[in-house]
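# Per-entry structural report
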Amino acid sequence: MPILPGMPPGALPLRFYFAEAHVARMIKRSFILESTLHKTSPEQAQDANPAPRDRPPACCVALVGFGTVGRAVAKILCQRSDGLLHLTHVCNRNVERKKQPWGTELSIPSDVVWTEDFQTVLNSDADIVIELIGGLHPAEDLVRGALQAGKSVVTANKQLIARHGPDLLQVASANGCQLEFGASVAGGVPVLPALRTGLCGDRLHGIAGILNGTCNYILSRIETVRIPFSEALEEAQARGYAEADASEDLDGGDARAKLSILALAGLHVRVSPEEIRARTIRPVDAVDFDYAAELGCTIRQISRADLKGTTLFADVGPSLVPASSPFGRVQRNLNLVLTSGEYGGDMAFLGAGAGGDPTAVAVVSDLMAVAESFAAGPRPRRTLQFASPKVSCDFETPWYLRFLVKDQPGIIAGLAAILSAHQLNIDAVLQKPGFDKAALPFVITLEPCRDAQLHPALQEMSALPFALKPCLCLPILR
């Protein structure tokens, strides 16, 4: 069953996660980051740290990738005054162009080495390498090489971690160093550090989330002003929330990579993004929000993973969720992650999922975690264990079926006959008045059934002569 709980108006069954309140180490990190964002004078720093001789030596940091996030990370590092992190190298293509003066917002110290050769970074005394170039190649080789050289790595690269995270974590452990990737999912929300530290004492069995801000912006705009999908997409592109080619977002590729990482960190399972079914949000239109409202619901792109024994049930795609639920209340380009644990119950993480500054804060938070661990001495070398479960999308849920037909007698009877033949029970039939009879949308909702049981019936119904388009089929998560 889906892990999303129902939530009547006014009820708050979930504990919302705030790093400052729940994880002591995050308190320490956020306190230190405060001094990052607000410069302190040397006198103030001395007052705040009366025994600087007890402070561990600064960790040398090499930054690979000097784009939007890279510049934001460099800004934070260069404005720090606590002496715990020291930027020593910036590695990027066309490095001379990147070295241009950045004004008062960003001033790189003169002792920082600029290079286009990653081997220079590997041969340096850098303790930590930050990888921010993205993609799989050459990022995988760079990260693997740094770990094999005994250098810890911090990355925001979701595609790299989703596909090679378990292997790279093993390389890090075998070489006594660390691989941190808190910025790879919902960069402005500290969900991954919480899964790996704050919730590691629990036994999690379910994770669900709104993981793609582009899709959430588009769907919430259709809901709010009832505009067509195409118009909402154009608006998202104009505002910079969607790329010119937004296929990775709209068709679920981005979200399923993030779900793969969450499953790795929270459920300790190895699952590649390609094993997770992704359904597109493109067929969702304003009329679906009208019908969803009749059911007390709205529509969001939901990524969900539920571990039951040796099977991981996982799926990404548009779903109906109760309007009063945490998912139903998330608007615009925010992210939300819900976790379900055997001992700790349900937990929620909400916030901005992208952007240069929020992602940079997540990167620097990971840097702080690595720097703190250095003071504890060498890390033990050990073999990490990740389960490799069978991956299935065969959830059992109620279903929303929206048809677009050329109106004629016998439509409901024909559909009902097919559903009955597949042992599927109709819960309700919804038909709003006022639509063109030549292109009539109406909805059938089904009682809970398995995904595999439903889809043969969908194929038969889509072949009926009055069907103008394939049926839009969405799970109803309650």
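Whatever comes next refers back to the structure up there.
The structure displayed is predicted, hence computed values, not measured ones.

Right, let's talk about the overall build of the protein for a bit. Looking only at helices and strands, the protein has 17 helices and 18 strands in total. A total of 478 residues make up the protein; the buried ones form 53% of that total.

Turning next to the packing of aromatic side chains. Counted according to the given criterion, the structure contains 4 aromatic pairs. Positioned above the aromatic ring of Phe313 is the side chain of Lys308, whose terminal nitrogen or guanidinium carbon lies 5.9 Å from the ring centre.

Our next topic: the pairing of strand E8 (residues 204-210). Both faces of the sheet carry side chains from a regular strand, because those side chains alternate between them. The buried count for E8 comes to 6 of 7 residues, which makes it a mostly enclosed element. Of the pairings in the sheet, the one linking E8 to strand E12 (residues 334-341) comprises 6 bridges and is antiparallel in character. Residue pairing in the sheet places Ile210 in a bridge with Leu336 of E12. Pairing between E8 and strand E10 (residues 297-308): 4 bridges, direction antiparallel.

All right, on to the environment of Leu295 then. Topologically, Leu295 is positioned in the loop between helix H14 (286-294) and E10. Sequence-wise, Leu295 and Thr445 are 150 residues apart; in three dimensions their C-alpha atoms are separated by 9.6 Å.

Phe118, Leu179, Leu195 and Leu262 are the most contacted members of the largest nonpolar core, which totals 55 residues. Here this core gets 9 residues from one element, more than from any other, and that element is helix H13 (residues 253-267). Look past the residues within four positions of Phe118 in its chain and what remains in contact with it is Val64, Cys91, Val129, Leu142 and Ala146. Ala236, Ile299, Trp399 and Met461 belong to the second largest nonpolar core, which has 50 residues in total.

Judged by pairing direction, the sheet is antiparallel, and its 4 strands sit side by side in the order E16-E17-E15-E18 without closing on themselves. The strands lining the two open edges of the sheet, one partner per strand, are strand E16 (426-430) and strand E18 (472-475). Strand-to-strand twist across the sheet, computed as the mean angle between neighbouring axes with direction ignored, equals 20 degrees. Of the pairings in the sheet, the one linking E16 to strand E17 (residues 440-450) comprises 4 bridges and is antiparallel in character. When the bridges of E17 are listed, Leu430 appears paired with Val443. Relative to the sheet, helix H16 (residues 411-421) contacts strand E15 (396-405), E16 and E17, its axis offset from that of E17 by approximately 20 degrees. Helix H17 (residues 451-462) contacts E15, E17 and E18 of the sheet and is inclined by roughly 150 degrees relative to E17.

Here is what the cut-offs are and how they apply
- Residues numbered from 1 in each chain as written.
- Predicted model: local features only at pLDDT ≥ 70, side-chain atom pairs only at ≥ 80, totals over all residues.
- Heavy atoms only, no water.
- Helix = DSSP H or I, 4+ residues; strand = E, 2+ residues; numbered from the N terminus.
- Buried < 20%, exposed > 50% of the residue type's maximum accessible area, 1.4 Å probe, protein only.
- Phe/Tyr/Trp six-rings, centres within 6.5 Å; stacked < 30°, edge-to-face > 60°.
- Lys NZ or Arg CZ within 6 Å of the ring centre and 35° of its normal.
- Pairing = 2+ DSSP bridges.
- Core = buried A, V, L, I, M, F, W, Y, C linked by side-chain atoms within 4.5 Å.
- Contact = heavy atoms within 4.5 Å.
- Axes fitted to C-alpha atoms, helices over the stretch in contact; angles between N-to-C directions.

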